Amino acid sequence: MGIWGFAFGYFACYIPYSLMTKIMSKGLLPSLHGRSLDGFAILPCVAVATLLTMILVISLLGWWKYATHSKIFGLSVPRPTKWTFLSGLFTSLIIGTTTLAYTFEGVSIVLAMLLMRGGVLITGPIVDASTKRKVRWFSWAGFGGACLALLLNARGVSGSRIPLALGLVVLVYIVSYFMRFQFMSRNAKSERRDVNLRYFVEETMVSTPMLVVILALFTLLGGKVGADVRLGWTAHWNQPYLWALALIGVMSQGTGFFGTLVFLDCRENTFCIPVNRASSVLAGVAASMLLTLFPGQRLPATAEFVGAGVMIVSILFLSIPPLLQARRRRRTED
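All of the points below concern the structure found in this document. For clarity, every value in this text was computed on a predicted model and none was experimentally measured.

1. Structural notes on unusual backbone geometry
So, step 1. The phi angle at Phe 73 is positive, at roughly 55°, despite the residue not being glycine.
So, step 2. The backbone of Lys 132 shows a phi angle near 65°, a positive value even though the residue is not glycine.
So, step 3. When you line up the elements, Lys 132 lands in the loop between α4 (109–130) and α5 (137–156).
So, step 4. Of the residues examined, Lys 132 reaches a relative accessible area of 76% and is grouped as exposed.

2. Some words on the pairing of strand β1 (residues 68–72)
So, step 1. Here β1 runs beside strand β2 (residues 75–79); their pairing, made up of five bridges, is antiparallel. Bridge pairing in β2 links Thr 68 to Arg 79.
So, step 2. In textbook terms, the turn of a hairpin is the stretch between consecutive antiparallel strands, and for β1 and β2 this stretch comprises two residues, one of which, Phe 73, has a positive phi near 55°.

3. Concerning the packing of helix α6 (residues 164–187) against helix α10 (residues 269–291)
So, step 1. Where α6 contacts α10, the axes come no closer than 13 Å and their chain directions differ by 135°. With respect to each other, α6 and α10 are oriented oblique. In this structure, the crossing between α6 and α10 has a hand that is right-handed. Touching Tyr 173, Tyr 177, Phe 181 and Ser 185 of α6 are Asn 269, Ile 273 and Arg 277, all from α10.

4. Considering the side chain of Ser 207
So, step 1. In this structure, Ser 207 sits in helix α7 (residues 193–218).
So, step 2. Residue classification places Ser 207 among the buried residues on the basis of a relative accessible area of 4%.
So, step 3. Filtering out sequence-adjacent residues up to four positions away, Ser 207 remains in contact with Gly 88, Thr 91, Ser 92 and Ile 95.

5. Here's the deal with empty space enclosed by the protein
So, step 1. A full pass over the atoms with the stated rule returns two cavities of 30 Å³ or more.
So, step 2. Lining the largest cavity are 23 residues, and of these Thr 91, Ile 95, Ser 252, Thr 255 and Gly 256 lie nearest its centre.
So, step 3. In the lining of the largest cavity, the residues fall into nine nonpolar, 11 polar and three charged.
So, step 4. There is about 40 Å³ of room inside the second largest cavity.
So, step 5. Lining the second largest cavity are Leu 121, Ile 122, Gly 124, Pro 125, Ser 139, Gly 142, Phe 143, Thr 270, Pro 274 and Leu 318.
So, step 6. Counting only elements with at least two residues in the lining of the second largest cavity, the list comes to α4, α5 and α10.
So, step 7. In terms of residue count, the dominant contributor to the lining of the second largest cavity is α4 (four residues).

6. Examining the nonpolar core
Where a protein is soluble and globular, its nonpolar side chains tend to be buried together.
So, step 1. One finds Met 24, Trp 63, Tyr 102 and Met 311 to be the most contacted residues of the largest nonpolar core, which totals 90 residues.
So, step 2. Ignoring anything within four residues of it in the chain, the contact list for Met 24 reads Leu 29, Leu 32, Ser 36, Leu 37, Ile 42, Tyr 241, Ala 244, Leu 245 and Ile 248.

7. A short note on the side chain of Asp 128
So, step 1. Mapping Asp 128 onto the fold places it in helix α4.
So, step 2. No salt bridge is formed by the buried Asp 128. Its closest oppositely charged neighbour is Arg 133, at 4.4 Å.
So, step 3. Side-chain polar atoms of Asp 128 contact the side chain of Asn 269, separated by 2.9 Å.

8. Some remarks on the packing of aromatic side chains
So, step 1. A full pass over the atoms with the stated rule returns 17 aromatic pairs.
So, step 2. For the pair Phe 8 and Phe 11, a centre-to-centre distance of 6.2 Å together with 35° between the ring planes defines the contact as tilted. Remark: Phe 11 and Phe 8 occur in helix α1 (residues 3–26); sequence separation between them is three residues, near one turn of the helix.
So, step 3. With relative accessibility at 56%, the residue Phe 8 sits in the exposed group.
So, step 4. Note on Phe 11: relative accessible area 25%, which makes it partly exposed.
So, step 5. Their ring planes at 35° and their centres at 6.2 Å tell us that Phe 90 and Phe 183 sit as a pair that is tilted. Within this pair, whereas Phe 90 is found in helix α3 (residues 82–101), its partner Phe 183 is found in helix α6, the two being separated by 93 residues in sequence.
So, step 6. Exposure remark for Phe 183: the relative accessible area of 10% places this residue in the buried category.
So, step 7. Taken together through their ring pairs, the aromatic side chains of Tyr 10, Tyr 14, Tyr 17 and Tyr 102 make up a single cluster.

Conventions we followed
Residues numbered from 1 in each chain as written. Predicted model: local features only at pLDDT ≥ 70, side-chain atom pairs only at ≥ 80, totals over all residues. Heavy atoms only, no water. Helix = DSSP H or I, 4+ residues; strand = E, 2+ residues; numbered from the N terminus. Buried < 20%, exposed > 50% of the residue type's maximum accessible area, 1.4 Å probe, protein only. Pairing = 2+ DSSP bridges. Axes fitted to C-alpha atoms, helices over the stretch in contact; angles between N-to-C directions. Parallel < 35°, antiparallel > 145°, perpendicular 65-115°, else oblique. Left-handed = near helix turned anticlockwise from the far one by under 90°. Contact = heavy atoms within 4.5 Å. 1 Å grid on protein atoms, 1.4 Å probe; cavity = no way out; pocket = protein on both sides within 12 Å on 5 of 7 lines; lining within 4 Å. Points joined across faces, edges and corners; volume = space filled by probe spheres on them. Nonpolar A, V, L, I, M, F, W, Y, C, P; charged D, E, K, R; others polar. Core = buried A, V, L, I, M, F, W, Y, C linked by side-chain atoms within 4.5 Å. Lys, Arg positive; Asp, Glu negative; His and termini not counted. Salt bridge = Lys/Arg side-chain N within 4 Å of Asp/Glu carboxyl O. Polar contact = N/O pair within 3.5 Å; in protein donor to acceptor, adjacent residues only side chain to side chain. Phe/Tyr/Trp six-rings, centres within 6.5 Å; stacked < 30°, edge-to-face > 60°.

Printed below as a string of structure tokens:
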């Protein structure tokens, strides 16, 4: 599969992932009896399902062989390098904050998606500049479009709809992505498939277990966060809605799988990031539409759809010029 095939896989996984996360946080499943689940109460089961899916998928694909190996008691064991370990650590924060962002009361899928996706889109030219990758003029145009989408969205909603906690979650999400792209741009994004798959496997084998470890440590916290995490570790395993939490975890790993393969394409970040973001923007809008099938659910505000539309236009503006240049190169070679 090429980058557009991976983008479609990301789109297909992101719709059920974001939709089911919102359904659980709103208590819309009949088996929840109207009881909503807070974000930190959802995460433990989701993290375990994500971890098990990661192990199963990489094993079935036979990709463990691409990782760096060390001998332990005569056995060859895959391990990360220093840089893939750090990248995996930041990726674990991305996984957790993505799920949390969709669980805030009064915050639509489209609004959370715009805040996160817009912020990450903006980092593309910055990362390329800092890693000495050529940044072309249309990248800066896309940068301006992303800023405009965020401004339109901010003007269309009241401040009470963007909780401070959500702002902190989005900030951690964007910073984590920025650091991840720094490591990835310097150690992967190669034309060699084995180099990219080595990075993929080593980062993934850190990120999902690390999320489980972080959530285990969070049980030691006091206050509401600690109580919610402890509830998440103990209260769901024998409940009829456990399948829904497991599905969120499986789809979360699906988005991570396909999304990372999009980012690892050897082209510049200002091409790969928009391809990834376009998939999630379209998936978020589709999930928001599907959510209205449940009683009492309304469409997001018009300003949020306008912001999503501007985001898609800026994404297309970023994506089309590299495609045209590649087409011209192929014609020259022929």
